[in-house]
Every structure is written in structure tokens, then in C-alpha cells.
Amino acid sequence: MNASFATALPSLLRGLATTFGIASAAMLLAVAAGFAVGILRSQVPRLLDLPLLAAIEFARGIPLLVLMYFLFFGLPQLGMRASSNGAAVAALAIYAGSLGSEIVRGAIVSIAAGQREAAAALGLGRLQTLFLIVLPQALRRMLPPFVGLFALIVESSTLASLIGVTELLQSVRTNIERDNALSLPLYTTALVAYFAINYPISLASQRLEKSLS
Amino acid sequence: MPSPMLTFSHVRKSFGTHAVLKDINLSVAAGTVCCIIGPSGSGKSTVLRCINRLVTIDAGEVVVDGVSVTDPAVKDVDLRRRVGMVFQQFNLFPHMTALENVSLAPRKVRGLRTADANALAQRLLAKVGLSEKAASYPAQLSGGQQQRVAIARALAMEPKVMLFDEATSALDPEITGEVLAVMKALAAEHTTMVCVTHEMGFAREVADRVIFMDDGVIVEEGAPAELFAAPKMERTKAFLSKVL
Amino acid sequence: MRDAAPQLARGFVLTLEIAAAGTAGALVVGALGAALRVSQSRPARVAATAFTELFRNTPPLVQIYFLFFALPEIPGIGPALRLPSVVAATIGLILHQGAINVEILRAGLEAVPAGQREAASALGLSRFDQLRYVLVPQAVRISLPALGNNVISLFKNTVLVSSIGVLDLFGAANDTIAQILVSAELFITVGIVYLVCVGLLGALFRALEKRAALAR
């Protein structure tokens with residue numbers, strides 16, 4: 001049994017690498033999209049905000065798996081192609097990006113109106129105030145929730161296994177298909193592995209939150 | 001001479017390395033009002049909290065209504081049925097109406113039936129002048145009204161001693177009057193009261209004794225007329241010259 | 001697509017049932033867990049923390065697979081733990097979202113102003129009565145937005161049950177595609193159903209929050 005576990009190890013490690021790969025790619029895209037949309041939403045008037053709000057509510061309201069399936073299975077029907085990794089990263093990025101934009105917008109809005117008043121009284125323009133005064137302060141407040149967001153992305157990456165991406169969970173399942181005796185040890189290993197990744201991240205996020213308040 | 005309602009003997013209390021009470025000795029006779037004054041950080045609020053075990057003392061003895069606070073056989077609830085407390089921040093329960101705030105402890109601690117507890121609550125709310133507000137939530141009441149409900153809530157336990165921890169400090173100056181009026185009425189009924197206060201006018205008018213505390217010790221105490229007119233200690237003079 | 005409707009409808013009903021059972025179960029787990037987290041007894045606190053951190057920080061899909069595939073393989077008691085797929089999936093959701101609820105309620109309890117506990121203590125209320133009448137009601141009101149988000153998360157996570165063959169709305173949709181191949185339309189329709197449900201849940205919770213705020 002130990003021998004089978006040892007032979008499974010290389011594929012599990014490759015799976016883990018893929019998990020990190022798609023999680024990191026999705027995180028980068030989500031942060032970029034989050035900043036773009038979040039800053040935009042904090043500045044534009046109500047009317048222009050509505051389509052952005054609708055997009056965010058869509059991305060947050062639809063189950064991630066449905067989005068992944070649509071991008072992977074459904075898009076080719078409409079003429080576009082998608083690789084499984086690509087569809088997974090895209091879906092994760094859309095979902096996490098919507099959460100990210102709320103983090104960014106929330107942090108910006110939480111910077112007291114007094115700061116903006118003071119900047120305006122000094123003669124600073126709107127964009128100057130945003131980039132020189134508000135954003136630097138908001139960035140610190142965004143850190144804990146963004147750290148938590150990465151943990152959420154890692155957790156959600158397991159869904160990619162259902163569209164055939166060979167990340168950690170899929171590697172676990174493939175090995176179990178070959179040798180069912182590995183079922184208990186490998187699923188336990190999977191739980192431990194994901195816990196070992198997400199628990200420290202969750203702790204880090206909490207510590208950051210405490211030290212910033 | 002009947003024994004005092006409340007005594008402190010050589011009470012010490014530290015929070016970590018900071019000595020908040022350094023050697024407190026005092027006694028309060030039944031039916032009298034004792035006002036504690038002094039700068040912030042002098043330990044005044046801690047003195048009150050030692051009486052109902054919200055704070056446990058490190059050394060010394062506190063006896064209230066013949067019951068020793070330091071005696072482990074005495075349960076928290078035995079103490080708290082004898083001692084009522086009114087807080088600076090009112091601390092009314094926001095999710096309950098005024099009536100429910102006042103009737104909760106009589107029902108759960110004294111074991112009264114709901115009907116009896118509600119009747120008691122109505123009487124006490126009338127006593128503090130708020131019978132029409134029985135069904136109101138704290139958010140719908142002004143600060144002065146909330147504090148009066150808090151007084152009614154403490155009175156509902158029919159305590160032997162009432163403790164007031166800067167009861168008017170969080171109120172706008174125009175509103176302190178309505179709360180002080182209730183406190184004066186209680187004093188006139190010979191309720192034993194210990195009040196930590198900044199209201200020197202109240203202390204002068206109502207207190208039987210005034211205690212001046214500074215930096216964890218009782219610097220001076222006496223009848224209000226003497227203490228305010230002719231303080232003996234330098235620190236007392238300095239404090240009074242700033243506040244009067 | 002018309003032909004798919006009955007199967008999809010059955011799937012939708014199953015989704016609602018799993019979501020309802022899951023939400024109720026997760027609330028119970030959350031309340032019990034939070035109570036143990038703040039208990040006077042150290043073993044209780046440690047056990048509750050271990051449970052919460054384990055089930056909160058591992059993916060619900062892995063938990064579901066573990067319950068369905070790995071539990072029966074435990075030497076000795078394994079065969080007795082062979083769960084029907086719906087049960088395994090629902091328990092998985094209850095454990096994961098329940099653990100999240102524990103954390104939400106614990107934070108909610110901490111957010112109740114310290115003066116409330118002081119006042120309740122000063123009135124002589126027992127620790128249990130303090131929690132029951134003063135602290136927990138306020139903690140729940142404070143936690144309502146986060147609890148609502150978690151309910152919505154659970155609703156969206158019901159799609160995971162399809163991974164072990166349960167024919168909820170999503171599972172039924174996939175089954176239909178295997179038979180009729182109309183995927184893009186189908187996913188869009190299914191997606192809209194989920195969006196509408198999530199929207200309704202969101203509106204429900206916002207109304208609850210307003211009502212809770214009035215009472216304060």
C-alpha cells in the first residue's frame with residue numbers, strides 16, 4: 001500500500017503545482033479586475049454604475065461551477081474554443097474579480113469623508129485626491145480580505161477537476177481510479193493538503209486584520 | 001450605632017503591574033449618600049465594581065449588607081441582588097423595550113411571574129417618570145430617558161445599595177437635570193447610595209459624605225459643606241480649584 | 001429543451017430541499033459550535049476550534065468526496081458508514097457552511113459591546129441567561145449580513161452534489177446534455193434560475209436586516 005502511495009506522489013505533486021498555477025493566475029487577474037472595477041465604481045455617478053453593479057451581481061450570484069461549465073462546454077457551441085485550464089482560470093478570475101472589486105470599493109469608501117474634504121480644501125483635484133490621499137490609506141485595509149480571497153480561490157480550484165483540469169483533486173481521483181485501496185489515504189491526504197495551504201493563509205489574514213485596526 | 005451598610009478594609013487591587021487601589025478604607029451608613037470625586041484614573045469606578053464583584057479585589061475585605069464579598073461561599077447572584085448598578089453608558093439592552101429591560105432580572109433572577117414582574121416594572125417606570133415609554137425601545141429614547149430606565153432596571157432588584165458610576169457624564173448638560181432629580185428623590189427616600197460623580201452641585205446638595213480619591217488612595221473625606229468650603233489637603237484644594 | 005423541463009423541474013425541487021436541509025443544519029451546527037467556542041470548559045473550546053478550522057479551511061467538494069468515497073473504506077466500521085449520495089452531499093455542505101457559521105457567530109458575540117455583559121452580570125443573571133436573553137440575540141442581529149451571505153453560498157454550493165451523481169438542478173441539466181446536447185442554452189437557463197434564487201435570497205436577507213435594525 002505504501003508502494004502505491006509512493007507511486008502516486010509524483011502525480012499528486014504535479015497536481016498541486018497546477019492548483020497553485022491556476023490559483024495564482026486567477027488571483028492576478030482578479031486583483032487587476034478588482035482594482036479596475038472597484039476604483040471605477042467608487043468614482044462614477046449612479047447611472048453609469050448600474051451596468052457594473054449588474055455585472056458584479058451576476059458574477060457573484062451564479063454558482064462558480066455553472067460558470068466554468070458554460071465557459072468550457074457552452075462557449076465552443078457559440079463558436080469560441082476554450083481549454084480546460086483556460087476556462088477554469090477565466091471562471092475563477094471572473095468570480096474572484098467581482099469579490100475583489102467589492103473589497104477595493106469598500107476600502108476606498110471607508111476612508112473617512114474628512115480626508116477627502118481636507119484634500120479638496122487644499123485644492124487637490126479628484127484624481128489627485130484618489131491616488132495621493134485615499135488609495136494609499138485604502139491599500140492597507142484591502143490587504144486582509146485579499147489574502148482571504150486567495151484562500152477562497154484555492155478552495156474553489158477544486159471545481160476545475162470537474163472540467164478535467166489535472167489539479168490536485170483530479171490527481172487524487174485518477175490515482176484512486178487505478179487503485180481503490182488508496183481511497184481513504186488519498187482523500188485524507190487531500191484534506192490535509194488543502195488545510196495546510198488554507199489554514200495559514202486564513203491565520204495570516206486574521207493577524208493582518210488585527211494589526212491594522 | 002447600627003453597623004454600616006458597606007465597609008472597605010485595606011482593599012488593594014492591581015491590573016497587571018498597575019496598582020489601581022492602594023489601601024482603601026471606607027464605610028457607608030445605611031440610608032446615607034456617599035459621593036466619590038476625583039480626577040480620572042483615580043480608581044473611583046474600580047471601587048464601585050469591587051462591591052458587586054465585577055472586579056475581584058487582591059487584598060482586604062469588602063462587606064455589604066453583612067455579606068462578605070471575598071467569601072467564596074457567597075455566590076455572585078447573592079451580592080448582585082443586594083447591590084444595584086447604574087452605568088455611565090446606560091448599557092440598556094437594545095433589543096428589548098423599556099418594560100422588558102426592567103422586568104428581565106426580576107423574572108430570571110428573583111423568579112417573579114411575568115405578570116408580577118411587569119407590574120413591578122410599570123411602577124418603577126412611573127417612579128422615574130417614564131410610564132408612557134414602557135413599550136419604547138432604547139433607540140427611541142433620549143439619553144436622559146435611557147438612563148432613567150437604567151435606574152428603574154437597577155431598582156427592580158430591590159437592592160439595599162445603589163451604585164452610580166458617573167451616571168450623568170455621558171449626557172448633554174441640559175439633560176443631566178432629569179436624571180439628577182431621580183437620584184435626589186431616591187436619596188430623599190433614604191436609599192443607601194454610592195455615587196461616583198463630577199456633579200459637584202449634586203454632591204454638595206445631596207451627599208452625607210464626600211470622598212476625594214486620587215491615584216488609588218482616599219486623600220480626604222468629610223461632610224460636603226466642610227470638604228468643599230475648607231479642604232484640608234493640598235491635592236484636594238488643587239482638584240477643587242479646577243472643577244469648581 | 002421542452003422535453004428536458006420535467007427532469008429539470010424535479011432537479012430544482014431537489015436543489016431546494018438540499019438547500020433547506022443544509023441551511024437548517026448549518027445554523028444548528030453554527031449555534032452549537034459558537035456556544036462551545038465561548039464555553040468555560042477548555043476541552044470544549046479546543047474541540048470546537050479544531051472542528052471549525054478543519055471544516056472551514058478545506059474545500060467542500062473534497063469533504064463531500066471524503067464522506068461518500070473514503071468513509072466506507074475505514075477499516076472496521078467502514079461498511080456501516082456507506083451513505084446514500086444525497087445524504088453524504090448534504091452532510092458535507094452542513095459541515096462546511098456550519099463551520100463558517102461558527103466563526104460568524106463567534107465574531108458576532110465578540111462584537112456585542114462589553115457594557116452589555118457588565119450590565120447583565122450586575123443584574124445577577126446567570127451566564128446561561130446572559131447569553132440567552134442579552135448576548136446571543138444581539139450577536140445574531142449583528143451577524144445577519146454575514147449569515148445571509150453564507151446561506152447564499154450554501155445555495156450556490158448545492159451544485160457540488162452533482163459531482164457524486166445527485167440529480168439536483170445542475171445534475172439534471174448535465175444529464176440532459178448527455179442525452180440531448182443543447183448545452184449553451186441549457187446552461188444559460190440554469191444559470192438564470194440560480195441568479196434569480198440568489199437575488200430573492202439577497203432581498204429576503206436585506207429585509208430581515210432592516211427589521212432587526214428597527215428593533216434596536
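Here the structure is a predicted model, which is why all the values come from computation and not from measurement.

Enquirer: How should I be thinking about the pattern of salt bridges in this particular structure?
Expert: Pairs may arise between side chains of opposite charge once their charged atoms sit close together. Residue and element names in this part refer to chain B. What the rule picks out here adds up to 23 salt bridges over all chains. Its salt-bridge partner being arginine 110, residue glutamate 158 comes within 3.2 Å of it at the nearest N-O pair. Placement of the pair is glutamate 158 in the loop between helix 5 (143-155) and strand 7 (161-165) and arginine 110 in the loop between helix 3 (98-108) and helix 4 (114-127), with a sequence separation of 48 residues. Residue classification places glutamate 158 among the partly exposed positions, given a relative accessible area of 48%. Accessibility expressed as a relative area gives 23% for arginine 110, which makes it partly exposed.

Enquirer: Would you mind going over the state of the cysteines with me for this structure?
Expert: In a disulfide, the sulfur atoms of two cysteines are held together by a covalent bond. For the coordinates displayed, the defined rule picks out 0 disulfides over all chains. Not part of a disulfide, B:Cys195 finds its nearest cysteine sulfur in B:Cys35, a span of 4.6 Å.

Enquirer: Sorry, what's going on with the packing of helix 2 (residues 46-61) of chain A against helix 4 (residues 84-110) of chain A here?
Expert: Between two packed helices, what matters for the description is the angle formed by their axes and the separation of those axes. Residue and element names in this part refer to chain A. With their axes 8 Å apart at the nearest point, helix 2 and helix 4 run at an angle of 125 degrees to one another. Viewed along their axes, helix 2 and helix 4 adopt a mutual orientation that is oblique. Note on packing geometry: the crossing formed by helix 2 with helix 4 is left-handed. Contacts between helix 2 and helix 4 involve Ile56, Ala59 and Arg60 from the former and Ile94, Tyr95, Ser98, Leu99, Ser101 and Glu102 from the latter. Residues belonging to the contact of helix 2 with helix 4 are distributed by class as follows: 5 nonpolar, 2 polar and 2 charged.

Enquirer: Looking at this structure, how should I read helix 9 (residues 234-243) of chain B?
Expert: A turn of α-helix holds 3.6 residues, and therefore any two residues three or four places apart point the same way. All names here are of chain B. When we look at burial in helix 9, the residues that qualify are Thr236, Phe239 and Leu240. All buried residues of helix 9 project into a common sector of 95 degrees when viewed along the axis, lining one side. Residues of helix 9 that are exposed and angled more than 90 degrees away from the buried face: Glu234, Ser241 and Lys242. Of the surrounding elements, those touching the buried residues of helix 9 are strand 3 (33-37), helix 7 (200-206), strand 9 (209-214), strand 10 (217-222) and helix 8 (224-229).

Enquirer: Could you clarify how one ought to interpret the nonpolar core in this entry?
Expert: Most often, soluble globular proteins keep nonpolar side chains buried together rather than apart. Grouped together as the largest cluster of nonpolar side chains are 96 residues, with contacts concentrated most on A:Met68, A:Ile108, A:Met142, A:Tyr187, C:Phe170 and C:Tyr194. Tallying contributions element by element places helix 4 of chain A first for this core, with 12 residues. Core analysis: the second largest hydrophobic core is formed by 50 residues, B:Leu26, B:Val74, B:Val161 and B:Val196 among them.

Enquirer: Is there a simple way to think about the packing of helix 5 (residues 114-122) of chain C against helix 6 (residues 127-157) of chain C in this case?
Expert: All names here are of chain C. Following both chains from N to C, one finds helix 5 and helix 6 inclined at 145 degrees, their axes separated by 10 Å at the closest point. Seen from above, helix 5 lies across helix 6 with right-handed handedness. Touching Gln116, Arg117, Ala120 and Ser121 of helix 5 are Arg127, Gln130, Val134, Leu135 and Gln138, all from helix 6. Tallied by class, residues from the contact of helix 5 with helix 6 come to 3 nonpolar, 4 polar and 2 charged.

Enquirer: For this particular structure, what's the right way to read the interface of chain A and chain C?
Expert: Bring the parts together and some accessible area is lost; that lost area is often taken as the interface size. Contact residues are listed per partner, giving 35 residues for chain A and 36 residues for chain C. When the two sides are added together, the surface that chain A and chain C hide from each other amounts to roughly 3000 Å², 73% of it contributed by carbon and sulfur. Contact with chain C buries surface across chain A, with A:Leu184, A:Tyr187 and A:Leu191 losing the most and accounting together for 19% of the total. Connecting chain A to chain C are 4 residue pairs in polar contact (both at pLDDT 80 or more). Counting residues per element, the ones that place at least two in the side of chain A that touches chain C are helix 2, helix 3 (64-77), helix 7 (168-178) and helix 8 (183-212) of chain A. No other element matches the 12 residues that helix 8 of chain A contributes to the side of chain A that touches chain C. In the side of chain A that touches chain C, the residues fall into 20 nonpolar, 11 polar and 4 charged.

Enquirer: Teacher, can you tell me more about the packing of aromatic side chains here?
Expert: Enumeration over the complete set of coordinates arrives at 14 aromatic pairs over all chains. Judged by centre distance (4.9 Å) and plane angle (40 degrees), the rings of C:Phe51 and C:Phe55 are tilted. A residue pair is termed a helical-turn pair when its members lie 3 or 4 positions apart in one helix, as C:Phe51 and C:Phe55 do in helix 2 (residues 42-56) at 4 residues. Among the aromatic side chains, those forming a connected cluster through ring pairs are A:Tyr69, A:Phe72, A:Phe73, C:Phe170 and C:Phe187. The ring of B:Phe93 has B:Arg153 lying over it, and the distance from NZ or CZ to the ring centre is 4.5 Å.

Enquirer: Looking at this model, I keep getting lost on the sheet that holds strand 2 (residues 18-28) of chain B. Mind explaining?
Expert: To summarise the sheet geometry, strands pair through backbone hydrogen bonds and adopt either a parallel or an antiparallel arrangement. Residue and element names in this part refer to chain B. Reading across from one edge, 2-1-4-5 is the order of the 4 strands in this open sheet, with antiparallel pairing throughout. Across the chains shown, the open sheet's two edge strands, defined by having one partner strand only, are strand 2 and strand 5 (67-68). As judged from the 5 bridges shared by strand 1 (residues 6-15) and strand 4 (residues 59-64), these two strands associate in the antiparallel manner. Each residue of the ladder has a partner; that of threonine 7, found in strand 4, is valine 63. Where helix 1 (residues 44-51) meets the sheet, it contacts strand 1, strand 2 and strand 4, and its direction lies at approximately 115 degrees from that of strand 1.

Definitions and limits used
- Residues numbered from 1 in each chain as written.
- Chains lettered and ligands numbered in written order.
- Predicted model: local features only at pLDDT ≥ 70, side-chain atom pairs only at ≥ 80, totals over all residues.
- Heavy atoms only, no water.
- Salt bridge = Lys/Arg side-chain N within 4 Å of Asp/Glu carboxyl O.
- Helix = DSSP H or I, 4+ residues; strand = E, 2+ residues; numbered from the N terminus.
- Buried < 20%, exposed > 50% of the residue type's maximum accessible area, 1.4 Å probe, protein only.
- Disulfide = S-S within 2.5 Å.
- Axes fitted to C-alpha atoms, helices over the stretch in contact; angles between N-to-C directions.
- Parallel < 35°, antiparallel > 145°, perpendicular 65-115°, else oblique.
- Left-handed = near helix turned anticlockwise from the far one by under 90°.
- Contact = heavy atoms within 4.5 Å.
- Nonpolar A, V, L, I, M, F, W, Y, C, P; charged D, E, K, R; others polar.
- Arc of directions from axis to C-beta.
- Core = buried A, V, L, I, M, F, W, Y, C linked by side-chain atoms within 4.5 Å.
- Buried area = accessible area lost by both parts, 1.4 Å probe.
- Polar contact = N/O pair within 3.5 Å; in protein donor to acceptor, adjacent residues only side chain to side chain.
- Phe/Tyr/Trp six-rings, centres within 6.5 Å; stacked < 30°, edge-to-face > 60°.
- Lys NZ or Arg CZ within 6 Å of the ring centre and 35° of its normal.
- Pairing = 2+ DSSP bridges.

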